[in-house]
2 protein chains.
Amino acid sequence: MSDTPRTVRARPSFDHCSIAGALDALGDDWSVLVLRELFFGVHRFNEIQQDLGISRSVLTERLGRLVDQGVVRAVPYREPGQRERHEYRLTRSGVGLLPVMVALMQWGDQYVNDGHGPVELRHRGTDELVGVELRTSSGRPVEPNEIEPREL
Amino acid sequence: MSDTPRTVRARPSFDHCSIAGALDALGDDWSVLVLRELFFGVHRFNEIQQDLGISRSVLTERLGRLVDQGVVRAVPYREPGQRERHEYRLTRSGVGLLPVMVALMQWGDQYVNDGHGPVELRHRGTDELVGVELRTSSGRPVEPNEIEPREL
């Protein structure tokens, strides 16, 4: 026996897979791009619609889905002399999707845009670049080949 | 003027958005679930097909797309007495998608599976739990509200 046990792993069971669950909750690419808008500070229906270039009905449907999933909430506001409208804000679970978005962005920067993406993320306090990293619970950086998935 | 400049930001331009580019490269949810299989050590067509419960033609199409995108490569192998087959491996850019998968999994664990996902990721050396975190380039942890997107 070796010191580091090497289990011969059966194929993992993917019942209740959290990745599949997250994809299902998100919906399609439009939903992800709506979330991108909210992350980047675009909160109003007309502005989101204009950025994405989609129909009002498609955007209404996607926003409704994200609200139903609890990742977005609609907040009423009223401009002087106009009817009440809503703007859209991320909930706590919506903010929890930020690492997904940043990871997609990081990958797209590197492999779609050849290392020159159109947007960078900076830390407000220190102005340092911000990204996602694989880390252990004690904060130690992790290489992909050091990760072992384990069924519970 | 304050010490920390607060720019009134115009809406960011999303031309060449890396998030949209990454989503486009990935394809649909099936493609993400194929990548999950490869991350979790399932590399053969029949096993992937069985896990996902999809038709051979859909899996063939998704694998072909991932190969075309350069995130997966087909590696020939031959069992004794059988014809040559291929198994599928992540390329370097495919491995670069691991933070996306881990971020989706983390979110799904918390918000779809109420904190009790079916799989956990451990560091092979230390047995610590592994996850993705937002960090600055110098390794300092970052809260979502400390991030400022900046157009280049």
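See the structure above.
This one's a predicted model, so the numbers in the text were calculated from it and none came from an experiment.

## Overview of the overall build of chain A
- In terms of helices and strands, chain A carries six helices and five strands.
- Written out in order from the N terminus, the α and β elements of chain A read α-α-α-α-β-β-α-α-β-β-β.
- On C-alpha atoms alone, chain A measures out to a radius of gyration of 20 Å, which is more than a quarter above the 15 Å that the 2.2 N^0.38 rule sets for 152 residues.
- When its C-alpha atoms are laid out on the principal axes, chain A stretches across 80 × 40 × 30 Å.
- A total of 152 residues make up chain A; the buried ones form 48% of that total.

## Side note on the packing of helix H1 (residues 18-26) of chain A against helix H6 (residues 98-112) of chain B
- For the pair H1(A) and H6(B), interaxial distance at closest approach is 7 Å and the crossing angle is 80°. Taken together, the axes of H1(A) and H6(B) lie roughly perpendicular to each other. Counted together, A:Ser18, A:Ile19, A:Gly21, A:Ala22, A:Leu23, A:Ala25 and A:Leu26 of H1(A) and B:Met101, B:Leu104, B:Met105, B:Trp107, B:Gly108, B:Asp109 and B:Val112 of H6(B) form the full contact between these two elements.
- Grouping the constituent residues of the contact of H1(A) with H6(B) by class yields ten nonpolar, three polar and one charged.

## A look at the pattern of salt bridges
- A complete count under the given rule lists 22 salt bridges over all chains for this structure.
- Salt-bridge contacts for A:Arg62 lead to A:Asp28; the nearest nitrogen and oxygen are separated by 2.6 Å. With A:Arg62 in helix H4 (residues 56-68) and A:Asp28 in the loop between H1 and helix H2 (29-39), this pair connects stretches of sequence that are 34 residues apart.
- On the accessibility criterion, A:Arg62 (15% relative accessible area) is buried.
- A relative accessible area of 28% places A:Asp28 in the partly exposed class.
- With a shortest N-O distance of 2.7 Å, B:Glu79 and B:Arg44 are connected by a salt bridge. Of this pair, B:Glu79 sits in the loop between strand E1 (72-77) and strand E2 (85-90) while B:Arg44 sits in the loop between helix H2 (29-39) and helix H3 (45-52), placing them 35 residues apart in sequence.

## What about the interface of chain A and chain B?
- Contact with chain A, which involves 80 residues of that partner, is made by 80 residues of chain B.
- In total, about 7,700 Å² of surface goes out of reach between chain A and chain B, with carbon and sulfur atoms giving 62% of it.
- Counting every contact that joins chain A to chain B gives four salt bridges.
- In this structure, A:Arg150 and B:Asp127 form a salt bridge, with 2.8 Å as the shortest nitrogen-oxygen distance.
- For the side of chain A that touches chain B, the leading source of residues is helix H6 (residues 98-112) of chain A, giving 13 residues.
- For the side of chain A that touches chain B, the class distribution of residues is 39 nonpolar, 19 polar and 22 charged.
- In terms of strand pairing, strand E3 (residues 119-123) of chain A meets strand E5 (residues 147-151) of chain B through five bridges, oriented antiparallel.

## Quick notes on the relation of the copies chain A and chain B
- The transformation that overlays chain A on chain B combines an axial shift of 0.0 Å with a rotation of 180°, and the residual RMSD is 0.0 Å. Such a combination of rotation and displacement between the chain copies is what one expects of a two-fold axis.
- When the interface residues of chain A are mapped onto chain B, 100% of them are again interface residues, pointing to one common binding face.

## Observations concerning the packing of aromatic side chains
All names here are of chain A.
- Scanning the entire structure with this criterion turns up two aromatic pairs over all chains.
- Residues Trp 107 and Tyr 111 carry aromatic rings whose centres are separated by 5.4 Å and whose planes lie at 35° to one another, so their mutual orientation is tilted. Within this pair, Trp 107 and its partner Tyr 111 are both found in helix H6, separated by four residues, close to a single helical turn.
- Trp 107 sits in the buried class, given a relative accessible area of 5%.
- Assessed through its relative accessible area of 30%, Tyr 111 is described here as partly exposed.
- Here the basic side chain of Arg 44 rests over the ring of Tyr 77, its NZ or CZ set 3.9 Å away from the ring centre.

## Concerning H6(A)
Residue and element names in this part refer to chain A.
- The end-to-end C-alpha separation of H6 is 20 Å, in line with the 21 Å expected for 15 residues at 1.5 Å each.
- In terms of burial, H6 is a largely internal element, eleven of the 15 residues being buried.
- For H6, the complete set of buried residues consists of Leu 98, Pro 99, Val 100, Met 101, Val 102, Ala 103, Leu 104, Met 105, Trp 107, Gly 108 and Asp 109.
- One or two steps after H6, the chain reaches Asp 114, where phi turns positive at roughly 55°.

## Looking at the pairing of strand E4 (residues 130-136) of chain B
- Most of E4(B) is tucked away: six of the seven residues are buried.
- Taken together, the seven bridges between strand E4 (residues 130-136) of chain A and E4(B) define a ladder with antiparallel strand orientation. Within E4(B), the residue paired with A:Thr136 across the bridge is B:Val130.

Cut-offs used in this document
- Residues numbered from 1 in each chain as written.
- Chains lettered and ligands numbered in written order.
- Predicted model: local features only at pLDDT ≥ 70, side-chain atom pairs only at ≥ 80, totals over all residues.
- Heavy atoms only, no water.
- Helix = DSSP H or I, 4+ residues; strand = E, 2+ residues; numbered from the N terminus.
- Rg over C-alpha atoms; globule rule 2.2 N^0.38 Å.
- Buried < 20%, exposed > 50% of the residue type's maximum accessible area, 1.4 Å probe, protein only.
- Axes fitted to C-alpha atoms, helices over the stretch in contact; angles between N-to-C directions.
- Parallel < 35°, antiparallel > 145°, perpendicular 65-115°, else oblique.
- Contact = heavy atoms within 4.5 Å.
- Nonpolar A, V, L, I, M, F, W, Y, C, P; charged D, E, K, R; others polar.
- Salt bridge = Lys/Arg side-chain N within 4 Å of Asp/Glu carboxyl O.
- Buried area = accessible area lost by both parts, 1.4 Å probe.
- Pairing = 2+ DSSP bridges.
- Least-squares fit on C-alpha atoms with pLDDT ≥ 70 in both.
- Phe/Tyr/Trp six-rings, centres within 6.5 Å; stacked < 30°, edge-to-face > 60°.
- Lys NZ or Arg CZ within 6 Å of the ring centre and 35° of its normal.
- Expected span 1.5 Å × (residues − 1).

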